Every structure is written in C-alpha cells, then in structure tokens.
Amino acid sequence: MINYLIRRVGYGILILIGVNLFTFMLFFTVNTPDDMARMNIGGKRVTQDAIEKWKVERGYNKPLLWNAEKPGLQKLTDTIFYERSVQLFAFRFGASDSGRDIGYELRQRVGPSIALAIPTFLLGIFVVIVFSLLMVFFRNTYLEFWGVTLAVFLLSISGLFYIIVGQFLFSKTLKLVPISGFSGGWDLFVFLALPIVIGIVSRLGGEALFYRTMFLEEVGKDYVRTARSKGLSENVVLFRHVLRNALLPILTSTVAVLPLLFLGALIMESFFGIPGLGSYTIDAINAQDFAVVRSMVFVGSALYIVGLILTDISYTVADPRIRLS
Amino acid sequence: MNHAGMAVRACRAALVALCCPAALTLSVALSGCDRVENNPHPSGSEKTNTMFVPFSQRSPKYLDPTSSYSNDETPFTYQVYEPPYGYHYLKRPYELIGRTAEAIARPRYLDKDGKDLPDDTPGDQIAETVFDIRIKPGIMFAPHPALAKNAQGEYVYHAMKREDVADKHKITDFPATGTRELTADDYVYAIRRLATPRIKSPSFSTMAEYIVGLKEYGEAIVETDKAMRRDMAPTDRDLPFLDFRKYPFAGAEALDKHTLRVRVKGKYPQFKYWLAMTFFSPIPWEAEKFYAQPGMAEKNLTLNYWPVGTGPYMLTEYVENRRHVLERNPNFHGETYPCEGEPGDKEKGYLADCGKPIPFADKVVFDIEKEGVPLQAKFLQGYYDSPAIERLDYGTSYIVAMGDDAKKDKEFKEKGIRLPTTIEANNWYLGFNWLDPVVGKGNTPEQAERNRKLRQALSIAIDWEEHIAIFERGQGVAAQGPLPPSLFGYRSDGPSAFNPVVYRKGPDGKPVRRSLDEAKKLLAEAGFPDGRDAVTGKPLVLNFDYLSAASPGTKAVLDWYTKQFAKIGVQLEVRATDYNRFQDKMAKGSVQIFFGGWLADYPDAENFLFMLYGPNAKALTGGNGENSANYQNPEFDRLYGQMKFLEDGPEKQKLVDQLIEIVQNDAVWSFGYFPTSAAAYQQWISNGKPTQIVRNHISYLRLDPELRARKLAEWNQPIWWPIPLILLALVGAILPAWFAWRRRERETAARTLATTGAAT
C-alpha cells in the first residue's frame, strides 16, 4: 500500500504541474499582462508608464514560458510561468495582483466555506440515502413512481432557480430568514439555514436517482435473496446489507468531493453573501486577478488529488477484498 | 394486532405529527411579537445610532488620498480626510467654504518679478498666483497608532521589526494610539507627495502644469527614489521610507504652523476647486513612516487601506469585500449644521437642525451587496438606510419603477421612502470624431461645410426627448448645449438654454425640435440626398462605436439609435466592444460616432467646456485628454483661453455664451441630455439633500433609531404558518407508505396466523 501511495502522490505532483500549465495557457490566451494591468489600475490612471510599472512590480514584464534572451537554465526559470508557479508548491501564494495577501485571505475564508459546506454535505448524504432507499423499499408501488418523478423534476430545475425562489419565498415573502449576509456566533444558523436547504434540494434529484440505480443493482443479487429467505425484515436487508455493498460507487462520488468542500460553492456563496473561498474565486475571475485564480485552481487541484487518494484508501476499508499495490 | 388496534395507533401517530409543528409555531410566535427573523445585521443594532448602507461589486481600491479618485471611494475618503476647502451643504449653485481653512483665500497675483498686481489684471499678464490659506488652530488627528507616544515622548511603533508585525492584520491590532494637532506642514507634505513615483496620482499631470516647480520636483523625486531602491528588486514590497520632509520645493510651503502657501503658475481660477478634493488632504509624516516599516505592506497595513485623517469619522474596520465601518472621530474639531441654504430648503425641512453639532450618526456600517435584487429587497425591508450613499442613480430608477408599476408606487409611498430629485452637473451626449473624414472636420472648406450640415442634420434627427421618455422614463432634460443648468454660465434666457440649429422657438417660447424635412434638406445639402451619396449613389453608412459589449440589456437602446438615423435614410452600423477595447479605439482616434458622458469634478463651466478645447484632444494626448471628439476650432480655443482665466462674472458669461454658440453651430456633439438624479433615503433619515458634488454629506444626515426599530418590526413580521403546513404535507405523503410497510411486514405473520388459526 505504501508503494501505491507514493506512486499516486508522484502522479499527483505531475498532474498539478500540468494543471498549472494549462490554467496559465488558458488565462494568458484571453488576457495579456497589459490587459490585466489596465483592468487592475482602472479609469483615468491608465498610461503606458503606469502599465509598465505595474507589470514590473509583479514580474509580468518577463516572457510567458520561454526566455530566449537568457543563458542556459534561465531560459526556463526567468519566465512568468516558472516564477509564479514554483512558490505555489511551497504553498506560498504571495500577493494578489491588487496587492492583498492571498494566504491570509485563504485562512480567513476557509471557515465560512466549511460552515456552509459540511452541514450541506452531511445532511445531504443522509437525506439522499434515505430517499433513494425508500424508493427501493417501495419499488413497484405508486410511491416509487412518484419518488422518481419528483427526483427527475428536481433534477431538471436549475440551481439558480432554487436560490431565487428560495430567497423570494422564505426571505422576502415569509420573512423567516435574512436574504443574504453572514456573521459568526449563534447567528450563523439563521444565515445558513436557507443555503443549506437549497443546497440539499438542488442536489437531491440527480443523486437520488444515481443511488437508487446502485441499490437496485444490489437488490437483484443472490445474497439479498438469501437474507430475505432467512426471514430478515426488509429494512434490515436494505440498511444493513444492500447499503454496505452499494457503498463502493457511493464512496467514489462522496469521498472525492470531501476536500473540495473547502473551496465552497461558488454560486451559493455569491448569492447569499457568504464570505468564503467560492466568492473569493469568483471575485478574482471578474477582476482578472491571475494570482488569485491560479492559487485557487492549484489549491482545488491539490485537494481533488488528495480526495481521490483518500477514496482509494477508503475502498480498502469498505471492501476487504480490495488490495492496493 | 387487529385492525382496530392498528387504526388507533395510526390516529395517535397522526395526532403527534400534527401537534409537533403546531406547538413549534405557537412557541415561536409567542416568544416575541416584535422579533424579526430576517435581520442581516446583529439584532438590536437597529436601535443604535448606526447607519447601514451597502457597497456593491467590491471594496474600494484606493483609500490613499494621493491616488483616490473613484466615486465608490468617496464615502470613506471625504469623511475621514479634510482638504482645506469644502462645499456648503445646502447652498446652490454650489459655494466653496473652508473646511479646515478659516476662509477661502483671496488669491494674490504677481508679475514675473514677484511684484503684486491689481486683481483686474488680464489673465495672460499674470506670472504667478499665490494662495495663503489660514488653517484653523486646534484641529486634532483621529487617534492612530502611528501617532502613539510613550511616557518618554518616543513613538511607540516607529521602530518595529518584521516579527513585531507578524501577528497584526488590522490597525486595531495595535493597542496604543495617539494624536497631535494638524499643522500646515501636513498639507505641504501631502502636496509634495503628489509627485511620488510609488503611486500614480491622477491629479499629478494637471497639478504639475500649474503648481510652481512641481514638474521638476517630480523628476527629481523619481531619481531620489530610484537611488534609494537601487539595491532592491522591483518586486520588493517593503520600500524604504521616502520622507518628503527632506525634499522641499518652491510651490508649497508652510509660512508658519497654521498658514499654507501654494504658488500657482499664471492665473488658474479653478484651482480653488482642487483644494476641495482629497488630493490636498493633510498627511502626517508619522503615518508614512509607520506604514513604511518591514512587513506592513504585505499585511495590507498601508495608507491605501487604513487612512489617517482629521475628519468627522475614522475607519475602524476593513474586511475586504465584506464590511467597512466608519466610527465617530472622538477628536473631531466640531462643525455645526448650516442655518441657510437655497430657497425652498426651509419648506423641505433641511434647515430644521440649524446650529446642531455634526456628525449626527455615531457609526456607519457598509456591507457588501453584489446583486441588485437582494439590495433592493433589503432596502425595502428597511435594513439599509439608503441603497447607495454616494450615487444618485438608484433613486432615479426607483422613481421610474414607481411610474411603471402601481404596486411598487403604493409600496414606496406606504413606506415613506424619500426620493428627492435634482439635476446634477452630469451630461450624456453623442460625439462625432473630428478626425473622421465623413463626420469630422473635413479637409477643404467645402468639405467642412458639407460635413457640418451632415452633423446638423443628424443632430435634428436624433430625438433625445423620445430617448428620455423611453429609456429614462421622463427623468431627464434634453440638452441644448454642453452646459448643465446647475452651473454658473448657464442662462435660461441665453444660448445655453436654446440651440437654434436643432430647435426653433415654439408658440410658448419653449424650444421645439425642428422637423425631419429640415433635417433631410440639410442632409441633401451635405451631399447625401435621401441618404445616398449624390456622386456615387452609394448609401451612407455610419459607424457607432458603443462603449460596452452588446447584450440583451443594450439591444433596445442600440436599435433606437439605428432607427433615429434611419429616419433620414442614413444607415447606422453598431460596433459594440467591451470597455477596454473602446478606450483603445478612443485613444487612437479610430471611432466615428461615440456615446459619452461627463460628471463634473467641480461646479465650474470650465469643467465642461474643457472637453471641447483643442489641446485636450484624446487622440493627440495618448488617450489622456478629455476632448473625446478631438474637436479643433481656433476661434473656440482663443475664446476658451480667455474664459478660463476669469472669475464668475458678466465678462465670463459673455465668453461662455459665445463658446456655446460656436459648438452649437459646429454640431460636434449631439448634445444629449442631463439626467435627473435622485437620492433614496428611508423615512427615518433627515437632511438627505441630493448632491454629487458635496461628498462629505454623511455627517449631515440624522437618523431616528426609534422610528427605524418600530418600522422594521412592523414591516418584517415573520409568517410561520406555511412551515407546519409543509411538514404536514410531507407527513401526509409518507403516511400511506407507512401503512403499506406495516401491512407488508405483518402479511406473512397474518397469513400464517390465518392458516394455523383456521387449522386449530
């Protein structure tokens, strides 16, 4: 297993370099450093001098990927790509293009992101599993039919619609929760109640159908028939036996997502004014702040790789037959 | 278990299911009738003397007075900093008064030998103007760590090392604070700092032309700074303290502790307006030294985020893109609410607080609100006291919405929302690029005449009255010339109020737009009868360079423009790009027709007419000049050159009239309109007079927290009854399933019992 992990971490680093390169290429195909300078400086201050100065201060006056003028190894290292990427691997994010400290912002914003993401995730899993198991339990009855219909209906509606209707209904009309905002302490619950409910409902449809398929596959197997013939009640059969065996595909989708919870839900945070990492990323994209965007992409990729490695490890825990090598 | 037993158990379960939500609702409802659930601010805060306003998009970028120039920064900079002059809050036309200055300084005119000249000397004979400004004694800075001194009189925080700053992220992390008196040297320091190469000051290029010695000083400081940073990498963030006390120059000096002298080249009457802008805020050297220490810049502990001033408020909280808080400055020297204004102010209640000490509000909290819909919703719920404290477009859009929708009208009126209107010094126009061969100047006198007729024809065709009616819902006034009504130089009986090229006098004396036939006639004289070139027969196609990318929102207005040109047979091609590209095109002078606007920096006719002055042409100044149409007219330039030296008076009025007549005849702009501006305030905010020129207006707003708390409770009573209903519906959906499950579980047992029971 240790060899396996080392190998995976090695691949992970290669992937991170590749992702970094790809983000870099994408970003600079759309923007040149001149454009970024102009956007950042803004308004009447934009003269060619100011743009040059801005670029020099941030190291954007170097060539993008290949510096033909420098000797030897410096051809590769005296470029924007190298200078800005190497620091990332040491998790030193430096300053954003507008001069703010990225590392500090990340640490400040992780809290609100987690506060929203974890309850949504845990409650969401619980609700989805119960819902899909119920559909399996009541298969071939009217309940299953209406359950599937409801799931398809929920799946077809855009998440944005839920947000807008939710805010309109619960905040504006019924005046039960604030429209948006955030604060620490006990008030947290009031601000997060609506986003959590909307987060669960918007994912319910698709995931319930997926889980239902997994469970139905298991339910058709021999060991389930054996369990029933032994006289076990239906809920024991489902919750104890089917669930455990259907766990593998479920694990794939949930454990991999776990680290990404840190990144926050971009749209949810924007609409509900939650100062998390998601809204930080969106702000940076709008402001064309490359330093922040690449940091967030790097962090996201690293977390995703960690998540996938964790998923593989969780397989060995869930299913003793699996050995990693 | 027989059926009866099952039924009983089912009923019991249903009862429990019903009672729980009911009990929940009851308990919550009884817990407090005036409890609101949807307050985004800490509960109880609505009863305090705190104003809540939103800010949109993101945090203001520059709070450093040397570089701050953007509208969204002004609520902070003008409440914290005090330039020498300010504007009287109520008087219109706007009147300059002293803020830290005892009075508006009378300029002294000198000739090239330094001898005094009489006041009525013609402007071009004056070599230098001297402003001696008396600063009021006893003004203290707001408490700040940079000014903190220990018992021995040494500065507590001026010798910090990197480790000392490691755990500090905001200015309130420094426990000790201090203060001292404001002196003229602080203003001198600030003026010298305009030349700093480390920050770009938008005012520097203009000020370098006027303040004696500033241009050369700027070049010298660049060298000094370079020498200082010779051994540093350009990406180093900890720059050594550039102490401007060490580098004097002739244009600004402190004659004594409370007298500031500024020397200006030639005669520049508009200089007094610059002294009301935050570029001339006093900067204590201690703040610069404090912020220049190692490690401060990367913690965002700089003048850009934490200003140091003498104004009525100080910035105590700065959470980027989330919240900013201004709190009352305990050391504020004190000001009183004005007792006079313009006619009509008394009736509107603006003079009720005459003589009272300001600022009224203890705290102003700015929360971020990125989307327009939640912003308006929260404003209507009462959780914001104004939708935008520094802009007047929300109020106008609300008035428009009220006109469209009777329900909205009712809601706004019932909630007593105040929407005071004004016509501000703000215009929108359509410009013709003078450098363009078709609509511009023209290479020969005959071509010039034809082009002029073309522009005049188009000016008649573009129906701005219709534009205002459709797109601004009537909230605006069609412009007759480049000057808006609220400035000196605008005469309601002069050329500024009547454009004879585009209008004729109607039966009641009001301007009536000339007919399309006249426009077509002019078009024919221009060489394009019925919109086709008289020589080649090709249709006339003109290009409209729009300043933002085409989107569903702009489609209607772009279609409207196309229709206006089509009225006389001219085809209009819209070239819409994003704003960056548009600015590029303008800087290169490659546009043909464009849409532009201007918001006055200061209330002087010169600030609008300078947009038509030849040397300010955008294409000739690398995009820096404001003459976007690149208009060149020697006669205009000559008269402008005379006008700009004059103080407001009959002579200036005469020149302004002549200048306006010239541009009306040349029709280089289709003059567009002046939008109505309206502020929006809740009913518990008093003294909210709409203004875009007075930026330190927050101190004059008084709020009634009791009224606010009452209205919030009244408007935001939570409605709980749908919740138990939803729960009930869920229970109702599950109940049959539960029955089915129980039945299935007992089926085998029931069958077995039935067969064995039958057997025994």
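See the structure shown above.
Residues numbered from 1 in each chain as written. Chains lettered and ligands numbered in written order. Predicted model: local features only at pLDDT ≥ 70, side-chain atom pairs only at ≥ 80, totals over all residues. Heavy atoms only, no water.

### Let's talk about helix H12 (residues 247–255) of chain A
Residues and elements named next belong to chain A. The set of residues buried in H12 consists of Ile250, Leu251, Thr254 and Val255. End-on, the buried residues of H12 take up no more than an arc of 105 degrees, which puts them together on one face. Structurally, H12 contributes buried residues whose contacts are with helix H6 (102–137), helix H9 (188–219) and helix H15 (290–318). (Buried < 20%, exposed > 50% of the residue type's maximum accessible area, 1.4 Å probe, protein only. Helix = DSSP H or I, 4+ residues; strand = E, 2+ residues; numbered from the N terminus. Arc of directions from axis to C-beta. Contact = heavy atoms within 4.5 Å.)

### What about the packing of helix H11 (residues 393–404) of chain B against helix H12 (residues 406–414) of chain B?
Residue and element names in this part refer to chain B. Running from amino to carboxyl end, H11 crosses H12 at an angle of 125 degrees, the nearest separation of the two axes being 5 Å. Taken together, the axes of H11 and H12 are oblique relative to one another. Of the residues in H12, those touching H11 at Tyr398, Ala401, Met402 and Asp404 are Ala406, Lys408, Asp409, Phe412 and Lys413. Residue classes in the contact of H11 with H12 are distributed as 5 nonpolar, no polar and 4 charged. (Axes fitted to C-alpha atoms, helices over the stretch in contact; angles between N-to-C directions. Parallel < 35°, antiparallel > 145°, perpendicular 65-115°, else oblique. Nonpolar A, V, L, I, M, F, W, Y, C, P; charged D, E, K, R; others polar.)

### What to know about the packing of aromatic side chains
The full count for this structure, using the stated rule, is 47 aromatic pairs over all chains. Centre to centre, the rings of phenylalanine 24 of chain A and phenylalanine 290 of chain A are 5.8 Å apart; their planes meet at 70 degrees, and the pair counts as edge-to-face. Within this pair, whereas phenylalanine 24 of chain A is found in helix H1 (residues 2–30), its partner phenylalanine 290 of chain A is found in helix H15, the two being separated by 266 residues in sequence. In terms of burial, phenylalanine 24 of chain A and phenylalanine 290 of chain A fall into one category: buried. Members of the aromatic cluster, connected to one another through ring pairs, are Trp428, Trp464, Phe471, Phe544, Tyr546, Trp560, Tyr561, Phe595 and Tyr673 of chain B. Here the basic side chain of arginine 245 of chain B rests over the ring of tryptophan 285 of chain B, its NZ or CZ set 3.6 Å away from the ring centre. Taking the ring centre of phenylalanine 498 of chain B as reference, the NZ or CZ of lysine 505 of chain B above it sits at 4.2 Å. (Phe/Tyr/Trp six-rings, centres within 6.5 Å; stacked < 30°, edge-to-face > 60°. Lys NZ or Arg CZ within 6 Å of the ring centre and 35° of its normal.)

### A word on the sheet that holds strand E10 (residues 323–328) of chain B
Within a beta sheet, neighbouring strands are joined by backbone hydrogen bonds and run either parallel or antiparallel to one another. Residues and elements named next belong to chain B. Reading across from one edge, E1-E13-E10-E9 is the order of the 4 strands in this open sheet, with mixed pairing throughout. Looking along the sheet, the strands with just one partner apiece sit at the ends: strand E1 (50–55) and strand E9 (313–319). Each adjacent strand pair in this sheet contributes to an overall mean axis angle of 20 degrees, direction not counted. Note that E9 and E10 share 6 bridges and pair antiparallel. Counted as the bridge partner of leucine 315 is leucine 326 from E10. (Pairing = 2+ DSSP bridges.)

### Here we look at the layout of surface pockets
Volume-wise, the second largest pocket comes out at about 1,900 Å³. Along the wall of the second largest pocket there are 44 residues; nearest its centre are Val197 and Val201 of chain A together with Ile726, Leu727 and Leu730 of chain B. Secondary-structure elements contributing two or more residues to the lining of the second largest pocket are H6, helix H7 (142–156), helix H8 (159–173) and H9 of chain A together with helix H22 (722–759) of chain B. Ranked by residues supplied to the lining of the second largest pocket, first place goes to H9 of chain A with 12 residues. By residue class, the composition of the lining of the second largest pocket is 41 nonpolar, 2 polar and 1 charged. (1 Å grid on protein atoms, 1.4 Å probe; cavity = no way out; pocket = protein on both sides within 12 Å on 5 of 7 lines; lining within 4 Å. Points joined across faces, edges and corners; volume = space filled by probe spheres on them.)

### What to know about the state of the cysteines
Residues and elements named next belong to chain B. Under the definition given, this model contains 1 disulfide over all chains. The disulfide partner of cysteine 339 is cysteine 354, and the gap between their sulfur atoms is 2.0 Å. Between cysteine 339 and cysteine 354, the S-S torsion sits near 85 degrees, and that sign places the bridge as right-handed. Note that cysteine 339 is positioned in the loop between strand E11 (335–336) and helix H9 (345–348) and cysteine 354 in the loop between H9 and strand E12 (357–358), a separation of 15 residues in sequence. On the basis of relative accessible area, cysteine 339 is assigned to the partly exposed category, the value being 43%. (Disulfide = S-S within 2.5 Å.)

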